[in-house]
Amino acid sequence: RAVLAHLQTHLPRPRTSQGLRARVRAAHQALGGPPSEPADGAAPLSVASVYQALQGAFPTSVYTADAGNTTPLAMELLRTDQPQRVLVPTDYSGMGYSLPAAVGAAVAAVGREAAPGDGSTLLQPVVATVGDGAVLMTGSEMATAARLRLPIIVVVMRDGELGMISGLQRVLQQDTDSTQLMAYDLLHWAKALGVPAQRVQTASGLATALHWAREVVGAHNGMGGPVLLECS
């Protein structure tokens, strides 16, 4: 400790740039800004609008993301005021992280008192965001969540490909190769595992679906079990 204290007095202080801070802040606002939408709310979903709606509906939830585009998007678009609210696979980027991480986070939260001594349970669901490629790796963990009636909202971003890899291929002006996903029925898969599911394609539909998800997950004192939202 003495050595560290001595070093701190001799190391140069990090330079801060107010201009850089302003540019980063402006970029964040542009990235997460509300998209222009028709008055009837029929605009197609953007990833930014999905994350905005999720955080607006569940501001204190724990969020998990998966390898691929959902990790950088979650880190850019979510805003938290406490640690351990956004769980992402930043070390080895293993696909299939989000759902098992959400199961673990939900198990840790169940029964935790919202305020010391009042006996109430923590009702905020865990929100798992995952791509339609990564969900194929560990999507069967929805069965575990359903069996334990864990408060998890699974949000699957559906674009029909391994988006991060295909995006890199396009940036390098290459043909996309081995990134297209086979067609599969996500809603029937979820329901077969005991998880209620809905497909969402518009901003107004997302608002309705989030209200439904809150009602289902929040039933039975916050132990209504998981739900799945397919966003495309």
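What counts and what doesn't
- Residues numbered from 1 in each chain as written.
- Predicted model: local features only at pLDDT ≥ 70, side-chain atom pairs only at ≥ 80, totals over all residues.
- Heavy atoms only, no water.
- Salt bridge = Lys/Arg side-chain N within 4 Å of Asp/Glu carboxyl O.
- Helix = DSSP H or I, 4+ residues; strand = E, 2+ residues; numbered from the N terminus.
- Buried < 20%, exposed > 50% of the residue type's maximum accessible area, 1.4 Å probe, protein only.
- pLDDT = per-residue confidence, 0-100.
- Contact = heavy atoms within 4.5 Å.
- Expected span 1.5 Å × (residues − 1).

Here the focus is the pattern of salt bridges. Under the criterion given, the structure shown has four salt bridges. Salt-bridge contacts for R158 lead to D132; the nearest nitrogen and oxygen are separated by 3.5 Å. You can see R158 sitting in the loop between β4 (152–157) and α8 (163–171) and its partner D132 sitting in the loop between β3 (126–131) and α6 (135–138), a full 26 residues away along the chain. Residue D132 is classed as buried on the basis of its relative accessible area of 2%. Between R158 and E230 there is a salt bridge, and its shortest N-O distance comes to 2.5 Å.

Attention now moves to the confidence of the model for the protein. Looking at the protein, pLDDT values average 84 and 88% of them are 70 or higher. This stretch, residues 35–39, has a pLDDT under 50; its non-local contacts, to residues over four places away or in other chains, come to six contacts. Within the model, pLDDT remains below 50 along residues 113–122, and this stretch shows twelve contacts once partners closer than five positions in the same chain are excluded.

So, about helix α5 (residues 98–109). Helical geometry note: an α-helix holds 3.6 residues per turn, so side chains three or four residues apart project in the same direction. Here α5 contains twelve residues, and its C-alpha end-to-end distance of 16 Å stays within 8% of the 16 Å for a straight helix at 1.5 Å per residue. Listed in full, the buried residues belonging to α5 are S98, L99, A101, A102, V103, A105, A106 and A109. Lining the buried residues of α5 we find β1 (63–64), β2 (86–87), β3, α6, α7 (142–147) and β4.

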